[in-house]
Amino acid sequence: MSNKMVFLGLGVFFGFSLSRVGASNYDLIFAMFTGEDLTLAWVIITAIITAFLGMKLIGLIGGKGYKGQKITVNKKPLNQFTAPGGILFGIGWAISGACPGTVLAQVGEGKTLGLFTMLGMIAGTYIYALLVNKHPKLSS
Amino acid sequence: MTNLYNFIFVDPWPWWLGGIAIGLLVPVMYYFLNTPLGVSTGYGNLVKMIIPKTKLKWLTSKNFADTLNWRFFFMAGMILGGFFSARSMGFPVTTMDMGRFTAIVDWPFLSLAVWFFCGGLLLGLGARLAGGCTSGHSIHGLANLHISSLIATIFFLLFGAITVWLIRVFVFGGI
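Residues numbered from 1 in each chain as written. Chains lettered and ligands numbered in written order. Predicted model: local features only at pLDDT ≥ 70, side-chain atom pairs only at ≥ 80, totals over all residues.

**A look at the overall build of chain B**
Helix and strand counts for chain B come out as eight helices and zero strands. Reading chain B from its N end, one meets helices and strands in the order α-α-α-α-α-α-α-α. A principal-axis box enclosing the C-alpha atoms of chain B has dimensions of 45 × 45 × 35 Å. Put simply, chain B has 175 residues, and 46% of those count as buried. For chain B, contacts bridging at least 24 residues in sequence account for 50% of all contacts bridging at least 6. (Helix = DSSP H or I, 4+ residues; strand = E, 2+ residues; numbered from the N terminus. Buried ≥ 20, exposed ≤ 12 C-beta atoms within 10 Å, placed from the backbone. Contact = placed C-beta atoms within 7 Å.)

Quick look at the structure:
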């Protein structure tokens, strides 16, 4: 089985999980931001703890993958655009009730308006490519 | 058996099951594929598929030399995962429903489409400037104790909450 099929399978698992737990549900995202229902906040916190423990376990067995290859975790860079980017992202998250991952689950579920969020994301990514061409400092 | 089937495929998952399933992707992807979990960079693949001849520097980088790389297959899988989930719950194949938004707001289709498109545009641009999204920063990055991920996540949540408050007051009419 090629790597690409493994990634396809992991994507199915990810999209299915997001959808089953309600992360692609507009109302649950809205309610997380108003504080009425913190289900999704707990999902994110549980996911972070699970991922943290999993990475610790990998560290304990020598930081190597199943074939013995060294696992490298590249730090995501911090620069002056991290916060402004986060602000735009937060506003977009609230407007669309989706993030780059959950919108894919929404599209699969058949939510027509989610398709427009996805098209908007493609356009936003293109705008970034245009901006970074003019202002190379933007690239992290 | 029926109970287990319903638990996984029909009833909504409890938060802990979803959290564990999603969190496990981070170590599993590192252990088997030496790849950090993340989705938003893959939208660059989609841009490049639409305009393959682009000369923009960011899109001609080696990240997007092969638009059918793992990111594309991962994203395609996520769409399929959402498809299976909604079908197993017996939802219709397409719906205009977007929860509270479409229940309260009485806009024509075009206005709704523009609203969600604009939200997506901010997500796409914001994720690139911030260097990641909810999966790459908030889950993968925080689990690996990256400072940039903490800062990005704080701004995601803070401005999400402020915007939802504004939507409540100005779009939903104070509900």
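Resuming the write-up.
**Looking at the overall build of chain A**
A count of helices and strands for chain A gives six helices and zero strands. Along the three orthogonal principal directions, the C-alpha set of chain A runs to about 45 × 40 × 35 Å. Split into buried and exposed, the 140 residues of chain A put 55% on the buried side. Across chain A, the fraction of contacts at a sequence separation of at least 24, relative to all contacts at a separation of at least 6, is 37%.

**A few points about the interface of chain B and chain A**
Across the boundary between the two partners, chain B contributes 104 residues, which contact 100 residues of chain A. Among the elements of the structure, α2 (15–33), α3 (42–50), α4 (70–88), α5 (99–104), α6 (109–130), α7 (134–143) and α8 (147–171) of chain B are those that each provide at least two residues to the side of chain B that touches chain A. Per-class residue counts for the side of chain B that touches chain A are 70 nonpolar, 31 polar and three charged. (Nonpolar A, V, L, I, M, F, W, Y, C, P; charged D, E, K, R; others polar.)

**Observations regarding the nonpolar core**
Formed by 88 residues in total, the largest nonpolar core has its most connected members in Val43(A), Phe89(A), Val26(B), Leu122(B) and Ile139(B). Examining the composition of this core, we find that ten residues originate from one element, α6(B), more than from any other. The contact partners of Ile139(B), leaving out residues within four places of it in the chain, are Ile44(A), Ala47(A), Ile48(A), Ala51(A), Ile22(B), Gly23(B), Val26(B), Leu37(B) and Thr134(B). (Core = buried A, V, L, I, M, F, W, Y, C linked by C-beta atoms within 7 Å.)

**Details of the packing of helix α3 (residues 39–60) of chain A against α2(B)**
In the contact formed by α3(A) and α2(B), the axes pass within 7 Å of each other and the chain directions differ by 35°. Both α3(A) and α2(B) take part in a crossing whose hand is right-handed. Of the residues belonging to the contact of α3(A) with α2(B), the class tally is 19 nonpolar, seven polar and no charged. (Axes fitted to C-alpha atoms, helices over the stretch in contact; angles between N-to-C directions. Left-handed = near helix turned anticlockwise from the far one by under 90°.)

**Some remarks on the packing of helix α5 (residues 102–109) of chain A against α4(B)**
Closest axis-to-axis distance for the α5(A)/α4(B) pair is 6 Å, and the angle between their directions is 50°. Here α4(B) runs oblique to α5(A), going by the angle between their axes. Note that α5(A) runs across α4(B); the crossing there is right-handed. Each of Leu104(A), Ala105(A), Gln106(A), Val107(A), Gly108(A) and Glu109(A) in α5(A) lies in contact with α4(B), whose residues at this interface are Met75(B), Met78(B), Ile79(B), Leu80(B), Gly81(B), Gly82(B), Phe83(B), Ser85(B) and Ala86(B). Among the residues making up the contact of α5(A) with α4(B), the classes are represented as nine nonpolar, five polar and one charged. (Parallel < 35°, antiparallel > 145°, perpendicular 65-115°, else oblique.)

**Digging into α3(A)**
Here α3(A) contains 22 residues, and its C-alpha end-to-end distance of 31 Å stays within 8% of the 32 Å for a straight helix at 1.5 Å per residue. Those residues of α3(A) that fall on the buried side of the exposure criterion are Thr39(A), Leu40(A), Val43(A), Ile44(A), Thr46(A), Ala47(A), Ile48(A), Thr50(A), Ala51(A), Gly54(A) and Met55(A). The inward-facing, buried residues of α3(A) contact α1 (3–21) and α2 (26–34) of chain A together with α2 and α7 of chain B. The first or second residue beyond α3(A) is Gly62(A), which carries a positive phi of 100°. (Expected span 1.5 Å × (residues − 1).)

**Let's talk about the confidence of the model for chain B**
When the pLDDT values of chain B are averaged, the result is 96; 99% of them are 70 or greater. Overall fold confidence for the complex sits at a pTM of 0.96, while the interface term, ipTM, reaches 0.96. (pLDDT = per-residue confidence, 0-100.)

**Here we look at the environment of Gly35(A)**
Within the element layout of this structure, Gly35(A) appears in the loop between α2 and α3. Residues Gly35(A) and Gly120(A), 85 residues apart in the sequence, show an inter-C-alpha distance of 27 Å.

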